[in-house]
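# Architecture at a glance
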Amino acid sequence: MKQLYKPITLHQLFTRSQLTIFILTFAICSAIFLVISTYTMNAYAKNSLNILASALNERIQPAVVFNDQITIQQILAEYAQQHPIRSIEVSSVQNAVLAQAEQKGIERFSSQTFLDYLFYSQPIQMDIQHDQKHYGHLTVYGNSSELVSFFHKILLALCIGFILLLATVYWSVNSVYQYLMQSIRSIAESAQTISVKKNYNM
């Protein structure tokens, strides 16, 4: 007749229970940490891109009013090079593209690409106005080059936390197991002494 279950040792039982507690604790703490970090990065990304787009809008307004496409293109190229911007486009009231600029050299599969998708998938769109007259549209896609370092630090912190907690669990399991085995050994020795010597006063 086959065994319905495999017997496990006390050490295995403690190891499994401690690992279960460890996994649950680490998962909950990591989830809370990631939610807070994601919210912080998202708020920073939106605020910084809004400020940058507003400043750019003010800068290109005179050139758009006078339809100076060369100056507009120079300003867009300067901003795309000096600021965390993935692409900029200036269009007229008739939606004709007056000028555009894009960041070059972005790898298809990278941390920045992932963060761009996560935080900068939607552009900032603004109307270009002067004296309450509408002259065109500004569309700005940000990039996450300034967030990549922070993102890597978060991953590193999670890895270090995982290793430290795992080491703590290993030490805890061994310490508790050794303590229990000493207690059980003491009880077993007492029981053996009572059985051999018939000394029930122990």
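Okay, so let's go over this structure. (Residues numbered from 1 in each chain as written. Predicted model: local features only at pLDDT ≥ 70, side-chain atom pairs only at ≥ 80, totals over all residues. Heavy atoms only, no water.)

## Here's the deal with helix H2 (residues 69-82)
With 14 residues, H2 extends 20 Å between its outermost C-alpha atoms, agreeing within 8% with the 20 Å of an ideal straight helix rising 1.5 Å per residue. For H2, the set of buried residues is Ile 72, Ile 75, Leu 76, Tyr 79 and Ala 80. Angular distribution of buried residues about the axis of H2 spans 130 degrees; they occupy a single face of the element. Summarising the geometry of H2, the exposed residues directed more than 90 degrees from the buried face are Ile 70, Gln 74, Gln 81 and Gln 82. (Helix = DSSP H or I, 4+ residues; strand = E, 2+ residues; numbered from the N terminus. Expected span 1.5 Å × (residues − 1). Buried < 20%, exposed > 50% of the residue type's maximum accessible area, 1.4 Å probe, protein only. Arc of directions from axis to C-beta.)

## Regarding the sheet that holds strand S2 (residues 97-102)
If you trace the 4 strands from one edge of the open sheet to the other, you get S2-S1-S4-S3, paired in antiparallel fashion. Every interior strand has two partners, whereas the edge strands, S2 and strand S3 (124-130), have only one. For this sheet, the mean inter-axis angle between neighbouring strands, taken without regard to orientation, is 15 degrees. As judged from the 7 bridges shared by strand S1 (residues 85-92) and strand S4 (residues 133-142), these two strands associate in the antiparallel manner. (Pairing = 2+ DSSP bridges. Axes fitted to C-alpha atoms, helices over the stretch in contact; angles between N-to-C directions.)

## Considering the packing of aromatic side chains
Using the criterion set out here, one finds 2 aromatic pairs in the structure. Relative to Phe 162, the ring of Phe 26 has its centre 5.2 Å away and its plane inclined at 75 degrees; by these criteria the two rings are edge-to-face. You can see Phe 26 sitting in helix H1 (residues 10-65) and its partner Phe 162 sitting in helix H4 (residues 148-197), a full 136 residues away along the chain. Aromatic side chains Phe 114 and Phe 151 sit 6.0 Å apart centroid to centroid with 40 degrees between the ring planes, which places their arrangement in the tilted category. (Phe/Tyr/Trp six-rings, centres within 6.5 Å; stacked < 30°, edge-to-face > 60°.)

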